[in-house]
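Chain and residue survey
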There are 2 protein chains.
Amino acid sequence: MTVAGVGLVGGSLAGAVRSARLAGEVVGFGRSAANLRVARERGLVDRATQDPAEAVADADAIVLAVPVGTCPALAERFRAHARAGTILTDVGSVKAGLVRALEARWSGVGPVVGAHPIAGSESTGAGAARAELFQGRRCILTPIPGTDPTALARVRALWEGVGARVEEMPPAVHDELLARASHLPHVVACALAAAVDGTQVDGRVVLDYAGSGFRDTTRIAGSPAELWRDIALANAPALVAALREFRAALDRLEGAIASDDAPALEAALTLAQAVRRRLGRTE
Amino acid sequence: MTVAGVGLVGGSLAGAVRSARLAGEVVGFGRSAANLRVARERGLVDRATQDPAEAVADADAIVLAVPVGTCPALAERFRAHARAGTILTDVGSVKAGLVRALEARWSGVGPVVGAHPIAGSESTGAGAARAELFQGRRCILTPIPGTDPTALARVRALWEGVGARVEEMPPAVHDELLARASHLPHVVACALAAAVDGTQVDGRVVLDYAGSGFRDTTRIAGSPAELWRDIALANAPALVAALREFRAALDRLEGAIASDDAPALEAALTLAQAVRRRLGRTE
């Protein structure tokens, strides 16, 4: 198995596959020699290479674990070097456009199976990878009509083998769900961080007064900009719809605040509290 | 010293004052007998009472650690029973209106000193209190012209004694700062949680797909609604201004997403990332 992009998600998957002995050999491919060295030193991969031919020549399966916008071009680079029948899968946070693009790039080579493990953090790189990252987490597979059932079963076995709870849904359903559960909070957290950039009151810097609330709420804004640029643009229509729903909720809260409507505000805050408490306090 | 409201903040302060022997006796006052029992059992207070006269008759200082909207009425209840010269202070998250209201209620009794320790979480009650809560955290004192300097020094010594970094600023400056650093993220987190309430896609519940990003971003929405209703309404003008700044930042991000402007989106996300990273990863 070849993992292209040995960062937090790719590195964790590689390490978990090695730990569980789910593949004969795990090969890491990436741009950064330093990161690949970390992956090797941490035992996440059996070997590492920056050469696409070396990376995929013997692979039964290739997992693309690079930013969503980079996946199609990388599939294109691997295409000439892969054996017939090699499964191409990915871990991207947006599926409809990506699965279409990968199907086009991989046609005539082997089967494509879209996948998205819902796990991650604002940490990056092989140094942050950990084999238990997917334990108990959801992994969504997004087959389309025509997806090879054997390849789908093998990708399912891979994710189940590293502890994930696997389910299947159409790519477009995935994208509508994740627009609201993941991409929306990301954009909102970034807006919150950006809103206070450089803001001062009477010579005091607002950011210096940020407590745990501000820290929690903006934590994911620290994630790599390049990664989230790709995700947001690839899921733009669903994300814009989700932002509309968010703005409606914000309007209700702001309306109650601006009109000093204590019962309406308490009702809106109580609703939010109930939703949040349904999630529980921990992971 | 009497602490009225032995919840997370009041209970932690009471416990810290006892640990550091900063007061001869720490008395807990509250509405809930069950919570007062927890406070006593956990050693946060020397004694506890639900009777206002018993609570404040011998107090040199009274700390109001109840929701902001409840403080003035509670000061009114204590007024008849307090000795001349008893310092009245608080821990409220909004200061201008509150300090004014307390000055009015306490006039002729003793000095008033507004205070706000920037510490807390979505946990509540004496069971969540911990003596080290204020260690290294900021505590803002908000004297006004005419605030008694001796009382101010004693309240400063109290907060420094429990490990806080104390600074002073006018109440209005505090409120403008905290509107952005605390009240804004709270309202935004609540809007985010409320926005997905009951939302389904193709029969699947959005909330079931929430990962760590959604959890972090909405964590503070789990805080008590009554508490935040008071805070938001007491600081409405500054909060509405902060919401305007947030919406401007959100508009920039959404504009770049809707118009597929990758460089503008990456620039906006990179700015947010830089702001967030200035805060660091941990408390």
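This text goes with the structure placed above it.
Now for a quick tour of the structure. These numbers come from a predicted model, not from an experiment. (Residues numbered from 1 in each chain as written. Chains lettered and ligands numbered in written order. Predicted model: local features only at pLDDT ≥ 70, side-chain atom pairs only at ≥ 80, totals over all residues.)

1. As for the relation of the copies chain B and chain A
You can overlay chain B on chain A at an RMSD of 0.1 Å; the transform is a turn of 180° with a shift of 0.0 Å along its axis. Here the copies are linked by what is in effect a two-fold axis. When C-alpha distances to the rotation axis are compared across chain B, the minimum falls at Thr217(B), with a value of 2.0 Å. The overlap is high: 100% of the interface residues of chain B also sit at the interface in chain A, so the same surface is used on both sides. (Least-squares fit on C-alpha atoms with pLDDT ≥ 70 in both. Contact = placed C-beta atoms within 7 Å.)

2. Section: the environment of Glu168(A)
Residues and elements named next belong to chain A. Mapping Glu-168 onto the fold places it in strand 9 (residues 165-168). Through-space distance from the C-alpha of Glu-168 to that of Ala-115 is 9.0 Å; in sequence the pair is 53 residues apart. Setting aside residues up to four positions removed in sequence, Glu-168 forms contacts with Leu-141 and Pro-143. (Helix = DSSP H or I, 4+ residues; strand = E, 2+ residues; numbered from the N terminus.)

3. Here we look at helix 11 (residues 262-279) of chain A
The end-to-end C-alpha separation of helix 11 of chain A is 26 Å, in line with the 26 Å expected for 18 residues at 1.5 Å each. Here helix 11 of chain A has its buried residues at Leu265(A), Ala268(A), Leu269(A), Leu271(A), Ala272(A), Gln273(A), Val275(A) and Arg276(A). Against helix 10 (236-258) of chain A together with helix 7 (171-195), helix 8 (212-218) and helix 9 (225-234) of chain B lie the buried residues of helix 11 of chain A. One or two steps after helix 11 of chain A, the chain reaches Gly280(A), where phi turns positive at roughly 80°. (Expected span 1.5 Å × (residues − 1). Buried ≥ 20, exposed ≤ 12 C-beta atoms within 10 Å, placed from the backbone.)

4. Looking at the sheet that holds strand 7 (residues 115-117) of chain A
Residue and element names in this part refer to chain A. Read across the open sheet, the 3 strands follow the order 7-8-9; overall the sheet is mixed. Every interior strand has two partners, whereas the edge strands, strand 7 and strand 9, have only one. On average, adjacent strands in this sheet sit at an angle of 20° to one another, irrespective of strand direction. In the sheet, strand 7 pairs with strand 8 (residues 138-141) via 3 bridges, with the strands oriented antiparallel. Bridge pairing in strand 8 links His-116 to Ile-140. (Pairing = 2+ DSSP bridges. Axes fitted to C-alpha atoms, helices over the stretch in contact; angles between N-to-C directions.)

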